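Observations on the three-dimensional arrangement
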Amino acid sequence: MLNSRLLTESEKYTLQDIHIAAVNVLGSDFMDSLDDIELDGLPNKIKQEEEGNFVGRLQDLCQKNTWPPPSYEFLTIPQSTPSGNEYSCKVRLWKWTHTGFGNSKKSAKRRAALGLLDNIIKNNLTIPQEALDDMEEETLSLLDKQDQSNLKENKFENEATARTSSKALRGLWNRKGDKIRVPPIDNPDKMDNACEYLQEICDCAKITVVYTYVPANSQGMICCFAELSTLPPHVIKSQLSPNLASARKNAARRCILFLKAMSSNKPCLNYSEWFTASLDDLK
């Protein structure tokens, strides 16, 4: 009625005042006798208070009785229905349900909560303690299942990590997961030109090496990091060196020692060679 074009503005304001007075005198039940068009004509403050009232009351009732909270399910009504309502809301609490209708989700939810609340109060309904215990056990069971699922996922992840680590320790692998075939490293004379020798080995093994240089201290000493394109990537650090060339050569020499150890049947690094720099490396 408030949205009727036949009413003047002053008549609409008069009707609004009448509706507000009726709410104050007759209570919130009066609002249910109004259709949603009339609700839209009321001031926002009154409208919001009435829409949230029954939903809040139902929630308070559940908390007071230590019941689980109600659940709400919305459904859009086809426009072809003669009711004129666009939405329906079904509220569920234990075995009890009630469906409310309205031109908005809020009004449908409010009416659903009102209907269920009215049914509980009028019929003095309650949820038996046995049912509450069953619902609590069901909730705990779901939590246990989730925890068990998480434990299984963590177990699988840990096992996969352990397998990957074990595999990495048994040899060298490329990004496809295939074992890298390192050619025999048995020519000590080529160690004098470690960078060229390493590049030759990498070409045969179909891997790459990338060098990075980092200043080591204020005395001008340099470290070289050589990264091999294995899976996982292996980064070899050189000894402190006075210049780029010597740092690169020492890093290449260590890479060769590493590849030699990892390509053997029983990987074992020769630490005496690893930590002993040749005189040429430090020149």
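All values reported here derive from a predicted model rather than from experimental measurement.

For the rest of this paragraph, the subject is the pattern of salt bridges. Side chains bearing opposite charge may pair, as long as their charged atoms lie close to each other. Tallied over the entire structure, the rule returns two salt bridges. Lysine 122 serves as the salt-bridge partner of aspartate 118, at 3.2 Å between the closest nitrogen and oxygen. Here aspartate 118 and its partner lysine 122 are both found in helix 5 (residues 105-122), four residues apart, which amounts to about one turn of the helix. Residue class for aspartate 118 comes out partly exposed when judged on its relative accessible area of 33%. In this structure lysine 122 comes out as exposed when scored by relative accessible area, which is 64%. Lysine 190 serves as the salt-bridge partner of glutamate 200, at 3.0 Å between the closest nitrogen and oxygen. Highlighted residues: glutamate 200 in helix 7 (residues 194-205) and lysine 190 in the loop between helix 6 (129-169) and helix 7, separated in sequence by 10 residues.

The sheet built from three strands is open, its strands ordered 4-5-6 with antiparallel pairing. Two strands close off the open sheet at either side, each with one partner strand: strand 4 (209-215) and strand 6 (234-237). Mean inter-strand twist for the sheet, computed between neighbouring axes without regard to direction, equals 25 degrees. Bridge analysis of strand 4 against strand 5 (residues 222-228) gives seven bridges, and the strand direction is antiparallel.

Moving on to the packing of helix 7 against helix 8 (residues 244-262). At a minimum axis distance of 8 Å, the contact between helix 7 and helix 8 shows a crossing angle of 40 degrees. Taken together, the axes of helix 7 and helix 8 lie oblique to each other. The handedness of the crossing between helix 7 and helix 8 is left-handed. Where helix 7 approaches helix 8, its residues Ala194, Cys195, Tyr197, Leu198 and Ile201 are matched on the opposing element by Arg248, Lys249, Ala252, Arg253, Cys255, Ile256 and Leu259.

The rules behind each value
Per chain, residues are indexed from 1 in the order of the written sequence. Restriction of local features to residues with pLDDT of at least 70 applies here, the model being predicted, together with a cutoff of 80 or more for giving and counting side-chain atom pairs; totals for whole chains, interfaces and linings are based on all residues. The side-chain quantities take in all heavy atoms of the structure and omit both hydrogens and water. By convention in these notes, a salt bridge is any Lys or Arg side-chain nitrogen within 4 Å of a carboxyl oxygen on Asp or Glu. The way it works is that DSSP assigns letters per residue, a run of H or I at least four long becomes a helix, a run of E at least two long becomes a strand, and they are numbered from the N terminus. Under the scheme applied here, a residue whose accessible area is under 20% of the maximum for its type counts as buried, over 50% as exposed, and between as partly exposed, the area being computed with a 1.4 Å probe on protein chains only. Should DSSP find at least two bridges between two strands, the strands are regarded as paired. For every element, the axis is a line fit to its C-alpha atoms; helices are fit only across the contacting stretch, and the angle between N-to-C directions ranges from 0 to 180 degrees. Put simply, angles under 35 degrees are roughly parallel, angles over 145 are roughly antiparallel, angles from 65 to 115 are roughly perpendicular, and the rest are oblique. Note on convention: near helix rotated counterclockwise from far helix by under a right angle means a left-handed crossing. Clockwise means right-handed. In this analysis, two residues are considered to be in contact whenever any of their non-hydrogen atoms come within 4.5 Å of each other.

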